[in-house]
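Notes for the structure review
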Amino acid sequence: MGLSNGVNIPEWLKTTGVAACPCCSIGRGKGFIEKNIAAIASFIKEVLEPEGFANKNGLLQQIDPRARLLGILLFMLTAALLKSALSIILLLSLVILMAAASRVNAMILLKRALPVLIFTLFLVLPAVFNFINPGAPVITISARDAFPLYISKQGLEGIAVFLLRVGAMVSLLSLFMLTTAYSDVFRALQTFPIPKIFVAALSMTFRYIMVLIKVAEDSHLARKVRTIKPSTLKQGRGWLASRIWFIIERSMETAEDVYLAMTARGFMGEIKTMTIFEMKGRDYGWIGFSLFILFLSMQL
Amino acid sequence: MNEPLFDIKGVSYRYSDKYIGLKDITMQIHSGESLAILGANGSGKSTLLKIMAGLVFPSFGSVIALGKPLTQDILSGEFAGFFRSKVGFVFQEPDVQVFCPTVWDEIAFGPLQLDIPKDEVIKRVEDVLDMLGIRALKERQPHHLSGGEKKKVVLGAVLSLNPDILLLDEPTNGLDPRTQVWLFELLAGLRKFKKTVIMATHDLSIVEDLTDRVAVLSEEHTIVADGTPAEILKDKDMLLKVNIIHEHTHRHGDVVHIHSHGPFARHDEHEDKQ
């Protein structure tokens, strides 16, 4: 009997030939799938662990998460109520000041707001034309009497105010997310009149997205290490479809197991939670300040 | 003898009404016992534990647990809270059990669901954090933890319920040697306080050190032996047949040994060949 416990190793597996590869061409780096999985993973990680801003000793970080969330919601309401571009710019300046006091770089807020602003711009772009916002022409495209087409001053102003409003709201929300630990976001939400099961489901969704992204990453890497020549587009599509189905199956199995694990620990359809935050004077001061700004916006 | 905690009679289980998971299982488990359910992968150990925990229900046969027949209906009523507080279940895969935002919330989850007063919940969580030496992790997000740390959190989350019966599915899986020793010491400590510990495993080192009874599941999903660890471990033919140990050949210098071998290197007897 051999030392391999009866396992017959084929002859070709017994050969070894470590040598330098004679080729010299360089590939195209990361493929489409890898880039996308990496981008999704990086986005989720950034949302859940925003570079440690939540642990810094800044203005917002010192405020109770519940008060912080309420204050930010009041500021967002203010942004929704303000009518002039100038007043929204003033609010944006205040947001940047709050960010600086909370040790958050304004460029990070801009980086988060920019994709939303670009997306919004494409959505509202038709509103610059006279057929949606008639008014004084700024740029005339067609001067035909029957169907004049031009960019109106009112249209441009309307878009500018809308984009500023969206920018202010996204910056406020980003500021809250950056200065609040992921766990505190959900704890704070639990104190608002939102069904607890909804908050718990949201929290778990974030958590298990991370687990499933890891599965997707590993699954892709496992294929990559066994891929010697590039696959055809058809093979690539087939593999992608099979992996998507695999992830769906894994997510369903995980959901079932999580439910069983919750049941085993006494869950009977209603999530019971406990809040151990303590509101202090400065928390009430922050809410008062947010209300004051809201009150001011209503006077403008 | 007192009334058994679990009275399992003729239990069979089929997955999707097709694949056999368990076949005609009959056994009784009494208070204070430390039982290992030993079997190869896929023999039905985890399913049997889940049936005892009232998480899945048999296709045939019956389970009486804590004096009541364990059915879906009874676990939807008042008995459920009592049963969940008495029976703690630790899954094999820690990732499915750490679903709360922080370690602290994870350990508090069970007691909160059972309406234990909040002061008592805080005390239990703090005590468990200290007992398991995981106080430094209390504000950490569970998905940041290592496998061993997750296992500790999961055990803490179950122990905070103060269960009388602890069901553990492959408790040593994926643990490094230091964490395994820590787990052994914890389980040995719990045994002293008459907790009933039932674990599904194929780790023979657990069986020897931590149990006073072993039930062996075959690859045909039936119980083929039930006895003391000494009785079970000396029945080499049976262990070979159910795929818990295997015949293994290796070399010490010029001497070649053939002997049976379990997953954790039980070298019981050697047949020397020159």
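For every chain, the first residue of its written sequence is number 1, and the numbers climb from 1 along that sequence. Written order determines the labels here, with chains lettered from A and ligands numbered from 1. Local features in this predicted model are restricted to residues of pLDDT 70 or higher, and side-chain atom pairs are both shown and tallied only at a pLDDT of 80 or more, whereas totals for entire chains, interfaces and linings draw on every residue.

**Topic: the overall build of chain B**
The test is simple: Helical segments are the DSSP runs of H or I of at least four residues, strand segments are the runs of E of at least two, and each set is numbered from the N terminus. Between the buried cut of 20 or more and the exposed cut of 12 or fewer other C-beta atoms within 10 Å of a residue's own C-beta lies the partly exposed class, and all C-beta atoms are placed from the backbone. Whether two residues are in contact is decided by their C-beta atoms, placed from the backbone, lying within 7 Å.
When helices and strands are counted, chain B shows nine helices and 13 strands. Across the 274 residues of chain B, 45% fall into the buried class. For chain B, the share of sequence-separated contacts (at least 6 apart) that also reach a separation of at least 24 residues comes to 62%.

**Focus on the overall build of chain A**
Keep this limit in mind: The atom set for the radius of gyration is the C-alpha atoms, and the globule formula is 2.2 Å times the number of residues raised to the power 0.38.
Across its full length, chain A holds nine helices and two strands. Shown N-terminal to C-terminal, the secondary structure of chain A runs as helices and strands in the order α-α-α-α-β-β-α-α-α-α-α. The C-alpha radius of gyration of chain A comes to 27 Å, more than 25% above the 19 Å expected for a compact globule of 300 residues. Seen through its C-alpha atoms, chain A measures out along the principal axes to roughly 95 × 65 × 40 Å. Looking at chain A as a whole, 25% of its 300 residues are labelled buried.

**Points about the sheet that holds strand S7 (residues 165-169) of chain B**
All names here are of chain B. Stated formally: Should DSSP find at least two bridges between two strands, the strands are regarded as paired. Inter-axis angles, ranging from 0 to 180 degrees, are taken between N-to-C directions of lines fitted to C-alpha atoms, where helices are fitted over the stretch in contact.
Spatially, S6-S7-S8-S3-S9-S10 is the arrangement adopted by the six strands of the open sheet, whose pairing is mixed. Every other strand in the sheet has two partners, leaving strand S6 (87-90) and strand S10 (223-227) as the edge strands with one partner each. Averaged over all pairs of adjacent strands, the angle between strand axes in this sheet comes to 15°, irrespective of strand direction. The pairing of strand S3 (residues 34-39) with strand S9 (residues 213-217) spans five bridges and is parallel. Each residue of the ladder has a partner; that of Ile37, found in S9, is Ala215.

**Section: the interface of chain A and chain B**
Counting from both sides, the interface comprises 26 residues of chain A and, opposite them, 31 residues of chain B. When residues of the side of chain A that touches chain B are assigned to their parent elements, the largest contribution, eight residues, is made by helix H8 (residues 233-264) of chain A.

**Describing the environment of Ser219 of chain A**
Residues and elements named next belong to chain A. Summarising the element assignment, Ser219 is placed in helix H7 (residues 196-225). Take Ser219: there are 17 C-beta atoms within 10 Å of it, and that puts it in the partly exposed class. Each residue touching Ser219, except ones within four places of it in the same chain, is listed here: Arg243 and Phe246.

**Observations concerning the nonpolar core**
We apply this condition: Put simply, a nonpolar core is buried Ala, Val, Leu, Ile, Met, Phe, Trp, Tyr and Cys residues tied into one set by C-beta atoms within 7 Å.
Of all hydrophobic cores here, the largest spans 80 residues; its most connected members are Ile37, Met52, Leu167 and Ile198 of chain B. Listed in part, the 38 residues of the second largest apolar core include Phe53, Leu70, Ala113 and Leu172 of chain A.

**A short note on the pairing of S3 of chain B**
Residue and element names in this part refer to chain B. Counting buried residues along S3, six of its six residues qualify, which places the element largely inside the surrounding structure. In S3, alternate side chains face the same way, and those of Ser34, Ala36 and Leu38 on one face and Leu35, Ile37 and Gly39 on the other are all buried. When S3 meets strand S8 (residues 196-201), the two strands line up parallel, connected through five bridges. For Ile37, the partnering residue across the bridge sits in S8 and is Ala200.

**A few points about unusual backbone geometry**
Unusually for a residue other than glycine, Arg103 of chain A sits at a positive phi of about 60°. Structurally, the position occupied by Arg103 of chain A is in the loop between helix H3 (85-101) and helix H4 (106-124). For Arg103 of chain A, a count of 15 C-beta atoms within 10 Å corresponds to the partly exposed category. Positive phi outside glycine occurs at Asp24 of chain B, with the angle close to 50°. Take Asp24 of chain B: it is sitting in strand S2 (residues 19-29).

**Some remarks on the sheet that holds strand S5 (residues 68-69) of chain B**
All names here are of chain B. Spatial ordering of the open sheet is given by S2-S1-S4-S5, a layout of four strands whose pairing is antiparallel. Strand pairing shows two members of the sheet lacking a second neighbour, S2 and S5, which therefore form its edges. Bridge analysis of strand S1 (residues 6-15) against S2 gives seven bridges, and the strand direction is antiparallel. Bridge assignment links Tyr13 to a residue of S2, and that residue is Leu22.

**Notes on the packing of helix H3 (residues 103-113) of chain B against helix H4 (residues 118-131) of chain B**
Residues and elements named next belong to chain B. Inclusion rule: For this classification, under 35 degrees means roughly parallel, over 145 means roughly antiparallel, 65 to 115 means roughly perpendicular, and everything else is oblique. In this scheme the handedness of a crossing depends on how the near helix is turned from the far one: anticlockwise by less than a right angle means left-handed, clockwise means right-handed. Amino acid classes used here: Ala, Val, Leu, Ile, Met, Phe, Trp, Tyr, Cys and Pro are nonpolar; Asp, Glu, Lys and Arg are charged; the rest, including Gly, are polar.
Across the interface, H3 lies against H4 with an axial gap of 9 Å and an inter-helix angle of 135°. Our classification of the angle between H3 and H4 gives oblique. As H3 packs across H4, the resulting crossing turns out to be right-handed. Contacts from Trp104, Ile107, Ala108, Pro111 and Leu112 of H3 reach H4 at Val121, Arg124, Val125, Val128 and Leu129. Per-class residue counts for the contact of H3 with H4 are nine nonpolar, no polar and one charged.

**Focus: the environment of Gly110 of chain B**
On the secondary structure map, Gly110 of chain B appears in helix H3. On the basis of neighbour count, Gly110 of chain B is assigned to the buried category, with 27 C-beta atoms found within 10 Å. As a C-alpha pair, Gly110 of chain B and Ser160 of chain B span 50 residues in sequence and 7.2 Å in three-dimensional space. With sequence-adjacent residues up to four places away left out, Gly110 of chain B is seen in contact with Arg265 and Gly266 of chain A together with Ala157, Ser160 and Leu161 of chain B.

**Re the environment of Gly32 of chain B**
All names here are of chain B. Relative to the helices and strands, Gly32 is located in the loop between S2 and S3. Of the residues examined, Gly32 has 15 C-beta atoms within 10 Å and is grouped as partly exposed. Sequence separation between Gly32 and Arg191 is 159 residues, and the spatial gap between their C-alpha atoms is 7.3 Å. With sequence-adjacent residues up to four places away left out, Gly32 is seen in contact with Lys194 and Thr196.

**Here's the deal with the confidence of the model for chain B**
For clarity, the threshold we go by: On a scale of 0 to 100, pLDDT captures the predictor's confidence in every residue.
Taken over all residues, the pLDDT of chain B has a mean of 87, while the share at 70 or more is 89%. Interface confidence in the predicted complex, given as ipTM, is 0.78; pTM for the same model is 0.75.

**Some thoughts on the packing of helix H2 (residues 65-81) of chain A against helix H9 (residues 281-299) of chain A**
Residues and elements named next belong to chain A. Viewed as axis vectors pointing N to C, H2 and H9 meet at an angle of 5°, and their least axial separation amounts to 9 Å. Here H2 lies roughly parallel to H9, going by the angle between them. Contact residues: H2 offers Ala67, Leu70, Gly71, Leu74, Phe75, Leu77, Thr78 and Leu81, while H9 offers Asp283, Trp286, Ile287, Ser290, Leu291, Ile293, Leu294, Ser297 and Met298. Here the contact of H2 with H9 is composed, by residue class, of twelve nonpolar, four polar and one charged.

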